[in-house]
Amino acid sequence: MTVGAGRTGRPTLAVVGATGAVGTVMLQILSQHADIWGEIRLIASPRSAGRKLALRGEQVEVVALTEEAFDGVHVAMFDVPDEVAAQWAPVAAARGAVVVDNSGAFRMDPQVPLVVPEVNPHAARVRPRGIIANPNCTTLSMIVALGALHAEFGLRELVVSSYQAVSGAGRAGVETLRQQLSMVAGTELGTSPGDVRRAVGDNTGPFPEPVALNVVPWAGSLREDGWSSEEMKVRDESRKILGLPRLPVAVTCVRVPVVTTHSLTVHARFEGEVTVHKAREILATAPGVVLFDNPEAGEFPTPADVVGTDPTWVGRVRRALDDPTALELFVCGDNLRKGAALNTAQIAELVAADFG
Ligand code: 2RA
């Protein structure tokens with residue numbers, strides 16, 4: 001039996017992709033947030049049907065992804081590969097559910113809003129296809145802080161480098177890092193060209209190079225002129241969320257040996273002169289942002305401390321040395337929480353208010 005059957009008057013939620021890395025975090029979040037849902041139906045591939053997962057203090061059985069699985073569903077969250085979302089999100093929408101999709105299938109569709117509740121909540125109301133898209137985790141890890149600064153200063157340009165955790169590539173990414181770390185632990189590897197590569201062999205999992213004792217300047221797939229899909233996502237999605245379709249954005253995406261929490265360095269140029277004092281005031285009071293910035297005391301965010309938390313953490317706030325209109329920031333966000341499951345849950349909660 002599914003949890004909540006009989007909780008009348010509350011919307012029914014479906015979680016599609018409940019068994020994945022993001023799905024697992026989603027179930028924790030749904031168990032911790034205010035309990036606004038009636039039934040929560042867990043849906044996954046037929047392979048996972050019948051498994052039981054912990055949700056709201058009970059064990060809930062996973063059902064297979066079929067058209068009928070969406071019957072009676074008000075809101076359906078999807079965390080599945082792009083091609084699965086492309087096929088099934090319209091099916092769920094046609095059966096009356098509002099879909100909140102965390103894949104890349106619909107993010108740049110002009111008929112689909114791309115929503116970050118702290119930045120553009122109004123966009124969630126206009127959804128002609130019955131689908132709302134959740135941004136990519138790298139964009140999400142910085143955009144709440146940038147949205148707050150943009151509202152005050154007017155953003156004119158972004159130059160960004162990412163330091164992305166391996167869980168962005170799913171369970172396979174985490175397993176690959178852990179396996180490689182066990183191969184190199186206690187050795188003198190990392191001292192001569194190619195020694196790490198020889199030690200881990202061809203076992204580079206979803207990454208093109210070893211990620212243990214290394215950084216890999218690549219995430220996603222190859223796009224035109226040497227850009228990666230991940231870099232294009234950060235550019236295109238930031239423009240769409242902020243409503244700045246011509247914003248100049250330069251991005252380099254890099255994978256680092258961190259399990260969870262993406263970090264980014266950001267150079268943000270604004271309409272006019274900015275002060276660090278004002279920027280700090282904005283960041284310290286922006287919903288969803290924690291300013292943690294006291295280099296004298298050695299205080300700045302790092303993934304090891306940010307993992308498992310909800311906010312976007314910002315440190316190293318400086319005015320650019322050669323441009324009084326620009327700021328330099330270091331930003332960290334848990335890529336599985338705000339970067340994926342939490343933002344999806346927040347959007348679903350916004351939508352649920354319409355069913356109240
Ligand atoms: C990554 N941003 O970190 C991607 C996942 N959506 O690989």
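Residues numbered from 1 in each chain as written. Predicted model: local features only at pLDDT ≥ 70, side-chain atom pairs only at ≥ 80, totals over all residues. Heavy atoms only, no water.

Identification of the chain as Aspartate-semialdehyde dehydrogenase from Streptomyces plumbiresistens is taken from an unreviewed UniProt entry. According to the UniProt record, the Subunit (unreviewed entry) comment for the chain is "Homodimer." Recorded under Catalytic activity (unreviewed entry), the UniProt text for the chain is reproduced unchanged: "L-aspartate 4-semialdehyde + phosphate + NADP(+) = 4-phospho-L-aspartate + NADPH + H(+)". (UniProt positions renumbered as here; feature names shortened; annotations may be inferred.)

(A) Local environment of the nonpolar core. Counting 60 residues, the largest nonpolar core has Phe70, Phe78, Met142, Leu149, Leu158, Val266 and Leu329 as the members making the most contacts within it. Judged by nonpolar contacts, the second largest core, of 34 residues, contains Ala18, Val25, Met77 and Ile132. (Core = buried A, V, L, I, M, F, W, Y, C linked by side-chain atoms within 4.5 Å. Buried < 20%, exposed > 50% of the residue type's maximum accessible area, 1.4 Å probe, protein only.)

(B) Examining empty space enclosed by the protein more closely. Under the counting rule described, the total for this entry stands at one cavity of 30 Å³ or more. Here the largest cavity is characterised by a volume of approximately 40 Å³. If you trace the largest cavity, you find it lined by Val15, Val16, Val22, Met26, Met77, Phe78, Asp79, Asn102, Ala340 and Thr344. Counting residues per element, the ones that place at least two in the lining of the largest cavity are strand E1 (13–16), helix H1 (21–32), strand E6 (75–78) and helix H9 (337–352). Residue composition of the lining of the largest cavity, by class: seven nonpolar, two polar and one charged. (1 Å grid on protein atoms, 1.4 Å probe; cavity = no way out; pocket = protein on both sides within 12 Å on 5 of 7 lines; lining within 4 Å. Points joined across faces, edges and corners; volume = space filled by probe spheres on them. Helix = DSSP H or I, 4+ residues; strand = E, 2+ residues; numbered from the N terminus. Nonpolar A, V, L, I, M, F, W, Y, C, P; charged D, E, K, R; others polar.)

(C) Summary view of the packing of helix H3 (residues 137–153) against helix H7 (residues 276–285). Running from N to C, H3 and H7 cross one another at 125°; their axes reach a closest spacing of 9 Å. If you check the angle between H3 and H7, you find them oblique. The way H3 lies across H7 gives a crossing that is right-handed. For the pair formed by H3 and H7, the contact residues are Ala145, Ala148, Leu149, Glu152 and Phe153 on the first element and Lys278, Ala279, Ile282 and Leu283 on the second. Its residues assigned to classes, the contact of H3 with H7 shows seven nonpolar, no polar and two charged. (Axes fitted to C-alpha atoms, helices over the stretch in contact; angles between N-to-C directions. Parallel < 35°, antiparallel > 145°, perpendicular 65-115°, else oblique. Left-handed = near helix turned anticlockwise from the far one by under 90°. Contact = heavy atoms within 4.5 Å.)

(D) Main features of the UniProt feature "domain: Semialdehyde dehydrogenase NAD-binding" (unreviewed entry) in the chain. Using the residue numbers shown here, the UniProt feature "domain: Semialdehyde dehydrogenase NAD-binding" (unreviewed entry) corresponds to residues 12–127. Strand forms 23% of residues 12–127 and helix 22%; the C-alpha atoms that close the span are 19 Å apart.

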